[in-house]
2 protein chains.
Amino acid sequence: MQFSVTEENYLKAIYMLRENNDGGGVGTNELSQQLQNKAASVTDMLKRLAEKKLINYQKYKGVVLTSRGEKLAIKIIRKHRLWETFLVEKLSFKWDEVHEIAEQLEHIQSDELINRLENFIGNPRFDPHGDPIPDSKGQFNFLKSKPLSQFNQKGNYLLTGVSEHSKSFLQHLTSVGLKIGDSIKVDELNAFDNSYKVTINKKNIQFFSNKVASHILVVLKK
Amino acid sequence: MQFSVTEENYLKAIYMLRENNDGGGVGTNELSQQLQNKAASVTDMLKRLAEKKLINYQKYKGVVLTSRGEKLAIKIIRKHRLWETFLVEKLSFKWDEVHEIAEQLEHIQSDELINRLENFIGNPRFDPHGDPIPDSKGQFNFLKSKPLSQFNQKGNYLLTGVSEHSKSFLQHLTSVGLKIGDSIKVDELNAFDNSYKVTINKKNIQFFSNKVASHILVVLKK
DNA sequence: GATAACATTTAGGGCAGCCTAAAAATATAT
DNA sequence: ATATATTTTTAGGCTGCCCTAAATGTTATC
Ligand SMILES: [Mn+2]
Ligand SMILES: [Mn+2]
Ligand SMILES: [Mn+2]
Ligand SMILES: [Mn+2]
């Protein structure tokens with residue numbers, strides 16, 4: 001069974017919004033915002049996806065993926081992240097340039113292709129933004145990282161990912177000399193605006209607004 | 001300006017059929033056969049493509065690409081052939097496995113991607129089936145090869161391409177040990193059925209039906 | 001030049017995926 | 001508990017791309 005690009009994008013959007021509202025299902029408005037279209041259009045599509053047993057949908061109650069729908073969503077994410085890694089590792093794109101292209105490539109249909117691609121780029125477990133790449137069975141390697149803004153203490157941290165993938169944010173990090181794997185030492189916490197004074201890789205002093213710190217995912221170094 | 005996958009496929013089909021009827025334009029029936037849909041649907045789309053200045057279309061007179069339409073068609077073909085080459089050279093696909101995947105990949109929109117891909121695979125001038133890959137300006141390196149069936153003489157030939165890309169034909173060639181770049185010595189021409197007895201690479205004796213010989217593109221070796 | 005065969009277009013319609021406006025359900029505030 | 005705000009669905013409609021059946025144009029044949 002094959003699905004349209006539109007259907008795949010709905011599944012992916014539902015999957016990505018699923019953990020925000022950890023109680024019930026994903027809302028129609030939320031989805032329409034994520035997908036950049038109108039709520040009425042979403043309702044329309046939800047009926048069709050339910051028909052195809054990809055989601056469980058009850059009027060006014062929000063939507064959750066069936067296991068079939070979830071498998072498919074994870075597969076799209078797997079393809080997206082493998083292609084992003086390919087673009088960065090093999091074609092020398094920068095991490096802020098790959099998302100839009102991967103949005104297209106994630107819909108190419110061929111299991112053989114994606115498995116060979118994975119092998120070609122050396123079976124990476126994380127993509128250029130630090131996001132885990134599910135294996136062909138849909139298993140993720142999660143890191144227990146948190147936003148830097150949730151640590152209210154000085155200390156040494158390791159940058160493992162970002163929770164905001166916009167070009168402008170990624171370019172900002174690049175401009176302050178920060179990339180995945182870098183060490184971040186928090187020297188000062190400013191109580192007034194919750195901003196940070198940090199040292200990157202032991203030599204580069206920078207200031208992070210709370211907004212920046214909230215999109216930087218780190219683990220505390222022992 | 002961006003075009004739909006469907007529109008791109010029409011442009012490519014028109015381009016590929018263009019040289020058959022070297023006099024006038026491409027016919028509606030021809031196109032419907034190539035695109036696996038009905039003539040009425042083709043008429044419908046031709047009106048839209050004409051509206052967008054991609055083709056010149058006059059009722060009942062057939063269709064020709066405008067220079068804008070031709071540039072686009074060549075770009076799609078360029079992408080198709082570069083992706084096929086990538087799949088064979090980097091991901092170890094066989095030449096009979098790549099066409100369907102490239103049919104999808106040829107519609108990915110990113111000039112930067114296709115130029116980097118070209119460089120990554122070493123700026124090849126021909127794809128895995130011997131077809132010339134246009135450069136980023138749309139220039140082809142044509143080989144003046146002809147079907148083996150058009151040479152009515154014994155002699156030494158070099159296989160430069162194939163004019164039939166079906167899986168079954170390509171697998172047949174593989175099974176007789178023939179690939180691009182091989183030498184073919186014609187030992188006997190059978191006048192009764194226009195079949196050929198040949199020696200491949202000086203040691204492998206095979207028989208080609210006229211049908212096979214008509215899809216093998218060769219140049220005569222001096 | 002009339003007629004038959006073939007190619008092409010027109011007419012009318014379906015489905016996917018989107019829209020706006022209005023109605024209905026649910027959540028929030030007083 | 002009622003009024004108000006917010007979310008969601010329904011109703012009706014549009015565009016792109018496809019279809020079948022019927023009409024029309026073109027080409028071939030006698
Ligand atoms: Mn991305
Ligand atoms: Mn990513
Ligand atoms: Mn091909
Ligand atoms: Mn090819």
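Our structure is the block above this text.
Keep in mind that what you see is a predicted model, and the values were worked out from it rather than measured.

1. A look at the interface of chain B and chain A
Now for step 1: Listed by partner, the interface residues are 20 residues for chain B and 20 residues for chain A.
Now for step 2: The largest contributions to the chain B side of the interface with chain A come from Leu91(B), Gln104(B) and Arg116(B), which together make up 33% of the buried area.
Now for step 3: Counting every contact that joins chain B to chain A gives zero salt bridges.
Now for step 4: In this assembly, chain B and chain A are joined by six residue pairs in polar contact (both at pLDDT 80 or more).
Now for step 5: Element by element, the count of residues in the side of chain B that touches chain A is highest for helix 6 (residues 111-120) of chain B, at five residues.
Now for step 6: The residue makeup of the side of chain B that touches chain A, split by class, is 11 nonpolar, five polar and four charged.

2. Considerations on the protein's contact with DNA strand D
Now for step 1: DNA strand D sits among 21 residues. The nearest are Asn29(A), Tyr57(A), Lys59(A), Ser4(B) and Ser41(B).
Now for step 2: Of everything in DNA strand D that lies within 4 Å of the protein, sugar and phosphate atoms constitute 78%.
Now for step 3: Note that a phosphate oxygen of DNA strand D is positioned 3.4 Å from one of the side-chain N or O atoms of Tyr10(B).
Now for step 4: Taking Asp44(B), its side chain carries an N or O atom lying 3.0 Å from a base nitrogen of DNA strand D.
Now for step 5: Among the elements that take part in the surface near DNA strand D, helix 3 (residues 39-51) of chain B stands out by supplying five residues, more than any other.
Now for step 6: Partitioning the surface near DNA strand D into residue classes produces eight nonpolar, eight polar and five charged.

3. Quick word on helix 1 (residues 5-17) of chain B
Residue and element names in this part refer to chain B.
Now for step 1: In this model helix 1 runs 18 Å from its N-terminal to its C-terminal C-alpha over 13 residues, within 8% of the 18 Å that 1.5 Å per residue would give.
Now for step 2: For helix 1, every residue scored as buried is listed here: Glu7, Glu8, Tyr10, Leu11, Lys12, Ala13, Ile14, Tyr15 and Leu17.
Now for step 3: Looking at the buried side of helix 1, the elements it contacts are helix 2 (28-34), helix 3, strand 1 (55-57), strand 2 (63-65), helix 4 (67-89) and helix 5 (99-105).

4. Considering the packing of helix 1 of chain B against helix 4 of chain B
All names here are of chain B.
Now for step 1: Between helix 1 and helix 4, the least distance of the axes is 9 Å, while the angle of their chain directions is 95 degrees. When the interaxial angle is binned, helix 1 and helix 4 end up roughly perpendicular. On helix 4, the residues that touch Glu8, Leu11, Lys12, Tyr15 and Met16 of helix 1 are Gly69, Glu70, Leu72, Ala73, Ile74, Ile76, Ile77 and His80.
Now for step 2: For the contact of helix 1 with helix 4, a count of residues per class yields eight nonpolar, two polar and three charged.

5. Concerning the protein's contact with DNA strand C
Now for step 1: The local shell around DNA strand C holds 21 residues, among which Ser4(A), Ser41(A), Lys47(B), Tyr57(B) and Lys59(B) are the closest.
Now for step 2: Considering the 4 Å shell around the protein, atoms of DNA strand C inside it are sugar or phosphate in 78% of instances.
Now for step 3: Between DNA strand C and Lys38(A), the relevant distance is 2.8 Å, taken from a phosphate oxygen to a main-chain nitrogen or oxygen of the residue.
Now for step 4: Separating a phosphate oxygen of DNA strand C from a backbone N or O atom of Tyr60(B) is a distance of 3.1 Å.
Now for step 5: Counting only elements with at least two residues in the surface near DNA strand C, the list comes to helix 1 (5-17) and helix 3 (39-51) of chain A together with helix 2 and helix 3 of chain B.
Now for step 6: Here the surface near DNA strand C gets five residues from one element, more than from any other, and that element is helix 3 of chain A.
Now for step 7: Counted by class, the surface near DNA strand C contains eight nonpolar, eight polar and five charged residues.

6. Here's the deal with the coordination of the manganese ion (ligand 3)
Residues and elements named next belong to chain B.
Now for step 1: Ligation of the manganese ion (ligand 3) by protein atoms is provided by His80 (NE2), Glu84 (OE) and His99 (ND1), these donors lying 2.0 to 2.1 Å from the ion.
Now for step 2: Sequence spacing among the residues donating to the manganese ion (ligand 3) works out to H-x3-E-x14-H.
Now for step 3: Between the manganese ion (ligand 3) and the manganese ion (ligand 4) the interatomic distance amounts to 3.5 Å, and glutamate 84 serves as a bridging ligand to the pair. Placement of the pair is histidine 80 in helix 4 and histidine 99 in helix 5, with a sequence separation of 19 residues.

7. A closer look at the side chain of Gln206(A)
All names here are of chain A.
Now for step 1: As for its position among the elements, glutamine 206 is in strand 7 (residues 204-208).
Now for step 2: A distance of 3.4 Å separates a polar side-chain atom of glutamine 206 from the backbone oxygen of valine 176.
Now for step 3: In terms of polar contacts, glutamine 206 uses its side chain to reach the side chain of asparagine 204, at 2.9 Å.
Now for step 4: Discounting chain neighbours no more than four positions away, the residues touching glutamine 206 are Val176, Tyr196, Lys197, Val198 and Ile200.

Reading the values: the criteria
Residues numbered from 1 in each chain as written. Chains lettered and ligands numbered in written order. Predicted model: local features only at pLDDT ≥ 70, side-chain atom pairs only at ≥ 80, totals over all residues. Heavy atoms only, no water. Contact = heavy atoms within 4.5 Å. Buried area = accessible area lost by both parts, 1.4 Å probe. Salt bridge = Lys/Arg side-chain N within 4 Å of Asp/Glu carboxyl O. Polar contact = N/O pair within 3.5 Å; in protein donor to acceptor, adjacent residues only side chain to side chain. Helix = DSSP H or I, 4+ residues; strand = E, 2+ residues; numbered from the N terminus. Nonpolar A, V, L, I, M, F, W, Y, C, P; charged D, E, K, R; others polar. Near = heavy atom within 4 Å. Expected span 1.5 Å × (residues − 1). Buried < 20%, exposed > 50% of the residue type's maximum accessible area, 1.4 Å probe, protein only. Axes fitted to C-alpha atoms, helices over the stretch in contact; angles between N-to-C directions. Parallel < 35°, antiparallel > 145°, perpendicular 65-115°, else oblique. Donors = N, O, S within 2.8 Å, 3.2 Å for Na, K, Ca; no water.

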